[in-house]
Amino acid sequence: MAIAAAATGVAFGSGANAAAAGDEGFKVPSRSGAAWASGVFVRGFDVPRFAEFGRYRGRPLDVVSTFPGRGTWNEFIQPGPAYSTFTGQPYTMVYGIPPIPEAENASMAQCAAGAYNDKWRTFARTLTDARLGTSIIRLGWEMNGSWFRWGGDKNHPEDAPRHAREYRDCFRQVVTTVRALAPGLKFDWNVNRGRSDGIPNIDDVMLAYPGDDVVDIVGVDTYDSWVDWNWALNDPDQGMNAWLSFARAHGKKLSFPEWGLYTDHKDNGDWAPGHEDQPEYIQHMYDFFKDNASDIAYEAYFSNETEDGRNSLWNPVNMPDSSVRYHELYKTTAPPPGTLSIQDTARGSVAGQVQFSANWHQCTTTCHKVSDRSYVWTAIPGSTATVRFTGSQLRWFGIKEPFSVIATVAIDGGAPVDVDPYAATASATSEQLYASPVLSEGTHTAVITMTNRRNPASTGGSSITFDRADVTVVSQQR
């Protein structure tokens, strides 16, 4: 964690290593059903505490962010509780890993020269043996600051280009060495948002970019400190939108491994650069994630009850109004009481499942529109989706699109009813396309069929979609 300072300067370009168009980048899977993966940092390696944070917010965690010790090599390259505690847990683990220890004789120049590659081979074996070989590694996070040994030197800004090049070459050595033994690990190139005091100028920060071939994710740590929200978002040099543009230009997703509120006073009463309890900041960050969900690799709130932030949202609650807002935004939206959702992934031919004919396809670039990130579509007339359900009513949900064609729905072999899912603009989320009449309690079959008929305004293609079917399992007439 570090405090972000104000910034001015040059806007991002695409960079020499810009990825080819269409490279989608790595995005952490969402086990919580949200459109992007989210999680938290809390101190220690207490697994129940992370689960309890998920219960507080009303949604399971997708990621857990944490750190092993960084004083000596053995604290982070050898087995220890930071790793063994999370073996077999359902989270995607995010580890802040130093490129060199802070309390031993080591240098970034030696790392860049490959002097420590044997140590990184040990690290790779440690993660693999702990069954954590798909974790995310924030290697030398916040390198543009001066507060870590691998960062720049605020007292000698003229050395910033050298520090950037040494960091870049060290990063490349580590990733190349580790991937040979642990190819499933993902590496997050993780800056501090804003003009930071170690490597302040954007041109020098760009020198520290190791290259698209060794970077899986572009990460930004950001706190509600020093600057207002508009500057944090729109600073043309190193604001959130600038880093989002940079990530897109390089074919990467953007992560926020640390984000959070920040206190306005220290334990002794002295001034601190934060804005204290600001639920509007929580709302702003959530809206940014939601609006850019397809570009967000993951995000983790940094919940820290110590003086360096004092921003905990839960146990203890340092920011009570923001704690309530976070819970309200992140909690799972449950289906109405008495409703069973049959997702497109519940494949089969018994009650509570859906059976697709040939020629249905999985969503790819627009999966974020639905809560479980999965829906299917077909472009072939005559394709069917057969839903078998026990209840008194069925409602079909999918995506409305400008090129949707007319479908029919037949209940229990009855006369088919036309359903027109056309919309002039594609819907941003899954919407109800059809609701059956109220039926007698029992087991029923609904057959959805794509036709070759269309709304006169529908142009540019032909398709229908299936996200889920919601079934009323308790009669609403009672």
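None of the values given here were measured: they were computed from a predicted structure.

Asks: Is there a simple way to explain the overall build of the protein in this structure?
Replies: The secondary structure content of the protein amounts to eleven helices and 20 strands. Relative to the globule expectation of 23 Å for 478 residues, the C-alpha radius of gyration of the protein, 25 Å, shows essentially globular dimensions. The buried share of the protein, taken over its 478 residues, is 53%. Of the contacts formed within the protein by residues at least 6 apart in sequence, a portion of 77% connects residues at least 24 apart. For the protein, the accessible area works out to roughly 19,000 Å², and carbon and sulfur atoms hold 50% of it. Taking the average place of the 41 positive charges on the side chains of the protein and the average place of its 54 negative ones, the gap between the two points comes to 6 Å.

Asks: What should I look at first to understand the sheet that holds strand E11 (residues 360–362) in this one?
Replies: Strand pairing in a sheet relies on backbone hydrogen bonds, with the paired strands running either antiparallel or parallel. Spatial strand order, E11-E12-E19: three strands in an open sheet with antiparallel pairing. Either end of the sheet is taken by a strand with one partner, and the two such strands are E11 and strand E19 (464–466). Each adjacent strand pair in this sheet contributes to an overall mean axis angle of 30°, direction not counted. Bridging between E11 and strand E12 (residues 376–378) involves three bridges; their strand directions are antiparallel.

Asks: Would you mind showing me how to read the sheet that holds strand E20 (residues 468–472) here?
Replies: One open sheet holds the four strands; their spatial order is E9-E20-E14-E17, and the pairing between them is antiparallel. Taken across any chain shown, the strands that pair with only one partner, and hence form the sheet edges, are strand E9 (339–343) and strand E17 (431–435). This sheet shows a mean twist of 25° between the axes of neighbouring strands, independent of strand direction. Direction of pairing for strand E14 (residues 393–398) relative to E17: antiparallel, over a ladder of four bridges.

Asks: Would you mind going over the packing of helix H5 (residues 117–129) against helix H6 (residues 160–179) with me for this structure?
Replies: Angle between the axes and distance between the axes are the two parameters that describe a pair of packed helices. Following both chains from N to C, one finds H5 and H6 inclined at 50°, their axes separated by 9 Å at the closest point. One element, H5, and the other, H6, form an angle in the oblique class. With respect to the hand of their crossing, H5 and H6 are arranged in right-handed fashion. In this structure, H5 uses Asn-117, Trp-120, Arg-121, Phe-123 and Ala-124 to contact H6, whose residues at the interface are Gln-173, Val-174, Thr-177 and Val-178. Along the lines of polarity and charge, the residues of the contact of H5 with H6 split into five nonpolar, three polar and one charged.

Asks: So what exactly am I meant to see when it comes to the state of the cysteines here?
Replies: Covalently bonding the sulfur atom of one cysteine to the sulfur atom of another cysteine gives a disulfide. Here the structure, examined in full by the defined rule, presents one disulfide. Note that Cys-111 is cross-linked by a disulfide to Cys-170, the S-S spacing being 2.0 Å. On the S-S bond that ties Cys-111 to Cys-170, the torsion sits near 70°, and the link is right-handed. Here the residue Cys-111 occupies a position in helix H4 (residues 108–112), and Cys-170 occupies one in helix H6, the gap between them amounting to 59 residues. Exposure class is identical for Cys-111 and Cys-170. Each is buried.

Conventions used here
Sequence positions are assigned chain by chain, starting from 1 and proceeding in written order. With pLDDT at 70 or above as the cut-off, local features in this predicted model cover only qualifying residues; side-chain atom pairs require 80 or more to be listed or tallied, and sums for whole chains, interfaces and linings still use all residues. Side-chain metrics in this entry use all non-hydrogen atoms of the structure; hydrogen atoms and water are not considered. Under the DSSP-based scheme used, a helix requires at least four consecutive residues in state H or I and a strand at least two consecutive residues in state E, with every element numbered from the N terminus. Put simply, the radius of gyration uses C-alpha atoms, and a globule should come to 2.2 Å times the residue count raised to 0.38. Exposed residues in this analysis have more than 50% of their type's maximum accessible area, buried residues have under 20%, and partly exposed residues fall in between, with area computed by a 1.4 Å probe over protein chains only. Contact definition: two residues touch when any of their heavy atoms are within 4.5 Å. The accessible surface values rely on the Shrake-Rupley method and a 1.4 Å probe; as for residues, cover is taken only from the protein chains in view. In summary, the charge assignment counts Lys and Arg as positive and Asp and Glu as negative, without counting His or the chain termini. Taken as the charge centre is NZ of Lys, CZ of Arg, CG of Asp or CD of Glu, depending on the residue. In this description, strands pair whenever DSSP reports at least two bridges between them. Note on geometry: axes are lines fitted to C-alpha atoms, helical ones only across the stretch in contact, with angles between N-to-C directions running from 0 to 180 degrees. For this classification, under 35 degrees means roughly parallel, over 145 means roughly antiparallel, 65 to 115 means roughly perpendicular, and everything else is oblique. For any pair of crossing helices, the crossing counts as left-handed if the nearer helix is rotated counterclockwise from the farther one by less than a right angle, and right-handed if it is rotated clockwise. Throughout, the ten residues Ala, Val, Leu, Ile, Met, Phe, Trp, Tyr, Cys and Pro are labelled nonpolar, Asp, Glu, Lys and Arg are labelled charged, and all others, Gly among them, are labelled polar. Counting rule for disulfides: a pair of cysteine sulfur atoms within 2.5 Å.

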